Every structure is written in structure tokens, then in C-alpha cells.
Amino acid sequence: MTNEIIISLCVLLLIAYVFNVTSSKTKIPSVILLLLLGWLVKQVTINLNIQLPDFAPLLPIIGTIGLILIVLEGSLELEINRAKVSLIKKSFIGALAPMLLLSSLLAFVFYYYGGYNINDSFINAIPFFVISSAIAIPSAENLSSHNKEFVIYESSLSDIIGVLLFNFFALNETIGFDSIIHFVLQIFIMMFISVVATAALSLLLSKIDHPIKFVPIILLIILIYTLSKIYHLPALIFILLFGLSINNLEHLRKFKWIKLFKPDVLDKEVNKFRELTIEGTFIIRSLFFLLFGYLIDSNEILDVTTLPWAVAIVFFTFLVRSIQLKASKITLKPLLYIAPKGLITVLLFLSIEPSQTIPIVNKSLILQVIILSALVMMFGLMTHKSEKKQVIEPHMKQDGEIITDPNNPSL
């Protein structure tokens, strides 16, 4: 049985790699194909009466590691400079405003019509409005450099904000001044930890001469994240700041203390570290969605009681997104379509305590929202003309203002 499982796993991951390579041409999000593949494997095991262990407990573990690596991979691709300020502001608004509005509306429905308390209502509403970086970032691979950067910033910030809001309501029985102060304090504590941990890990990355150096760094990152989560700190902030810091060393060279980190050596190591992170992220992300597809019950997809809720959630998600993009003076296509739900939605759903659950918010509803949002993205990208990937050098206006993309000044 062991050999059969190893062979099956290798074959499934190779198929996942084919999905990943061909998704840019087929415009079909690999997540849909992975979910379908996992579901087909389940049907084969049932028809052949193959007994496999219960894999359900592995889902949150793989999902958590996947979330860390996905946000880390995204942050390692981002550059920070004055020309990016407008882009960062708009992506932050895109991550925050729709989530606050839509989760408040859905929470109001749960509270007013369902009779649930306000905390439980928000806890059950927030997961539906987090943009999944696990799906959005790979899907943006063939967009223009600025649209891709917007997607990376927006989806990564959406993950962080979603977890922050979810924990805020999950860990506070009553919402008041004290709980808000405590929430802000947690953010500052995490910022301090992030600065110290980033400095320590960067030093290790530049100083370790042993052939094995990147795996211990990744393990330490996962360890710091997990310990921070135990104390209910917004640990994704650390992941984002660490990736941004080591990927933007050129902005720190003016400081004398940066010599301690051997910036020339560190820069080369960061490039190698990025490559390893991309490879690891692919494996973990593929395993997560394969496993999630394997655990899908066919009846959950076709549950007619939750389908109207799923359609309404997805409809209002894209309606509000279109308004938000227009208000930010951003061209709707193709960014309108890239608001999928996925890994973080599942993880937050699994984190809801049984005493806080709302019956209509079940696995069927989560699954339907994920599939519908992915289908919207798929058909949207299929109908959108492919954007030529290119690196555009900054252009200077006469007054000294930097424009990073003369063809898309809104970003």
C-alpha cells in the first residue's frame, strides 16, 4: 500500500504541474482542475473499494503552511519605491473596503433575520470576502507587470486583513473601546516582532555557510508564525514584512549598519531562496487543493439550499468590486474578475468554533462560493485579451514625478 500511495502522489503532483504550466494558455484556473482531480481520485477509491486513512486532519496543517509560503512568495516578488505608493494605496483599499462593506451586510442579515449575535454573525461572514492569494497570484502570472503587482498586493493584504478581522471578532465576546485598544496593541507587538525576526533571519541567511541553509530559514519562519498565532497575534504581517524587506535591500544600502548583513552576498542568497520558495509553494498548494477536492462530497456541490446564498454572495462580491475599482480609477478588465475565494476561506471556516457556527454557513456553501468565484475568474480571463508581459522602466515627467507605466497611469 505504501508504494501505491507514493506512486499515486507522484503522478498526481506531475499532473498538477501540467495544470500549472498549461493554465496560462487554457485560462482555466489550476485550482478548479486540482479540485476536480482530487474528487475523481475519491470516486476511483470508492468504486474500487480501496481503503485509505482519514486525510481530513491534514487539511488545516497543509493549508496553514501553504498560506505562509504563498504570502512569502508574493512578497518576494514585490518592489517598494515612491512610484509604488499609489499602487499600494489602491490595493489596500481594494482589500479592505469591499471586505468591510460586504461582511457587514452579510453579518447584518445573519443578525437581523437569523437572530444570531453580532460576533458570531461577523465570524461566519468574513471568510466569504477574503481574496485568495493562493488562487489569485498564480492566475495573474500572465498579466502586465503592474496588474500582477496589484493582484499580489491586494490578495496578500486581503489575507492579512481577513485574518485580523476574523480574530478580532473570534477572540472578543464584546466589542468596545478596550477590545479595539487590545487589537491595535497586538498589531504593534507583531510589527516589533517582525522587525527583530526579519533582522535575525536576514543575518542567518547571509552568514550560514553550510550547504543546507534555506530549509532552516523556512522552518524558523513557520515556527515564528505558529508561535505568534498561539498568542493570537497577526502573524501574516511578519511574513509580508520579511519578504518585502529582503527583496528590497537596495533601499537600505545607504545605512551603515546594513554592512553587517553583507548585502551583496545576501542579495544572491535571496534569489536562491525565492526559487526554493516558489517550488515549495507549488507542492503545498497543489496538495491542499487535491486533498480538499478528495474530501468533497458530491451532494455538497449540488446542495440547493445553499446555492442561492452562494450566487448572491458571489454576485455582490463582483458588484461591489466593480464600484470600488471605478472609484479608484482603475480599468475594470481584467482585475474585476480576479477576486477568487479559496485557501484562506477554508482555513477560516475550519477555525470557527462549533458554538459559533451558523447552520447555513457549511461546507456546501463554502465550496459553492469557491467554485463560482473561480469560474467567474476563468471566464473573465478567457474573454480578456492577453496582456504582454514586459518590464517598463520608470519615465520622468518634467516636474520630476515618476510614472512607472505610461500606458496605465492609474496604477
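The next point concerns the nonpolar core. Nonpolar side chains tend to gather and get buried jointly when the protein is soluble and globular. In terms of nonpolar packing, the biggest core is built from 118 residues, with Phe128, Ile221, Phe238, Ile239, Phe242, Phe273 and Phe289 touching the most fellow members. A total of 13 residues in this core trace back to one element, the largest contributor, which is helix α7 (residues 145-170). Excluding its chain neighbours within four sequence positions, the residues that come into contact with Ile239 are Ile68, Val71, Leu72, Ser75, Ile221 and Tyr225.

Moving on, we get to the packing of helix α9 (residues 214-230) against helix α11 (residues 263-294). Interaxial distance between α9 and α11 falls to 11 Å at its minimum, and their mutual angle equals 70°. The orientation of α9 relative to α11 falls into the category roughly perpendicular. Crossing hand, α9 versus α11: right-handed. Residues Phe214, Ile217, Ile218 and Ile221 of α9 form the contact with α11, whose participating residues are Glu269, Lys272, Phe273 and Leu276. When grouped by side-chain class, the residues that make up the contact of α9 with α11 number six nonpolar, no polar and two charged.

In this section: the packing of aromatic side chains. All chains considered together, the criterion is met by 14 aromatic pairs. Centroid distance Phe122 to Phe169: 4.4 Å. Interplanar angle 5°. Geometry classified as stacked. In this pair, Phe122 is assigned in helix α5 (residues 118-125) and Phe169 in helix α7, connecting sequence segments 47 residues apart. Ring plane angle 85° and centroid distance 6.3 Å describe the contact between Phe242 and Phe273, whose orientation is recorded as edge-to-face. A residue pair is termed long-range when its members are at least 10 positions apart, and Phe242 in helix α10 (residues 236-246) and Phe273 in helix α11 qualify at 31 residues. The exposure class of Phe242 is buried, given its relative accessible area of 1%. Through a chain of ring-to-ring contacts, the aromatic side chains of Phe122, Phe168, Phe169 and Phe183 assemble into a single cluster. Its guanidinium or amino end placed over the ring of Tyr294, Lys42 lies 5.2 Å from that ring's centre, counting from NZ or CZ.

Applying the stated criterion across every chain yields a total of two salt bridges. A salt bridge links Glu154 to Arg321; its shortest N-O distance comes to 2.8 Å. Placement of the pair is Glu154 in helix α7 and Arg321 in helix α13 (residues 307-327), with a sequence separation of 167 residues. Both residues of the pair, Glu154 and Arg321, count as buried. For the salt bridge of Glu269 with Lys213, the shortest nitrogen-to-oxygen distance reads 3.4 Å. In this pair, Glu269 sits in helix α11 while Lys213 sits in the loop between α8 (177-207) and α9, placing the two residues 56 residues apart along the sequence. Accessibility expressed as a relative area gives 9% for Glu269, which makes it buried. Judged by its relative accessible area of 13%, Lys213 is buried.

Time to look at the side chain of Glu73. Its location among the elements puts Glu73 in helix α3 (residues 58-75). No salt bridge is formed by the buried Glu73; the nearest opposite charge belongs to Arg285, separated by 4.1 Å. The residues contacting Glu73, other than those within four sequence positions of it, are Thr277, Ile278, Thr281 and Arg285.

Conventions used here
- Residues numbered from 1 in each chain as written.
- Predicted model: local features only at pLDDT ≥ 70, side-chain atom pairs only at ≥ 80, totals over all residues.
- Heavy atoms only, no water.
- Core = buried A, V, L, I, M, F, W, Y, C linked by side-chain atoms within 4.5 Å.
- Buried < 20%, exposed > 50% of the residue type's maximum accessible area, 1.4 Å probe, protein only.
- Helix = DSSP H or I, 4+ residues; strand = E, 2+ residues; numbered from the N terminus.
- Contact = heavy atoms within 4.5 Å.
- Axes fitted to C-alpha atoms, helices over the stretch in contact; angles between N-to-C directions.
- Parallel < 35°, antiparallel > 145°, perpendicular 65-115°, else oblique.
- Left-handed = near helix turned anticlockwise from the far one by under 90°.
- Nonpolar A, V, L, I, M, F, W, Y, C, P; charged D, E, K, R; others polar.
- Phe/Tyr/Trp six-rings, centres within 6.5 Å; stacked < 30°, edge-to-face > 60°.
- Lys NZ or Arg CZ within 6 Å of the ring centre and 35° of its normal.
- Salt bridge = Lys/Arg side-chain N within 4 Å of Asp/Glu carboxyl O.
- Lys, Arg positive; Asp, Glu negative; His and termini not counted.

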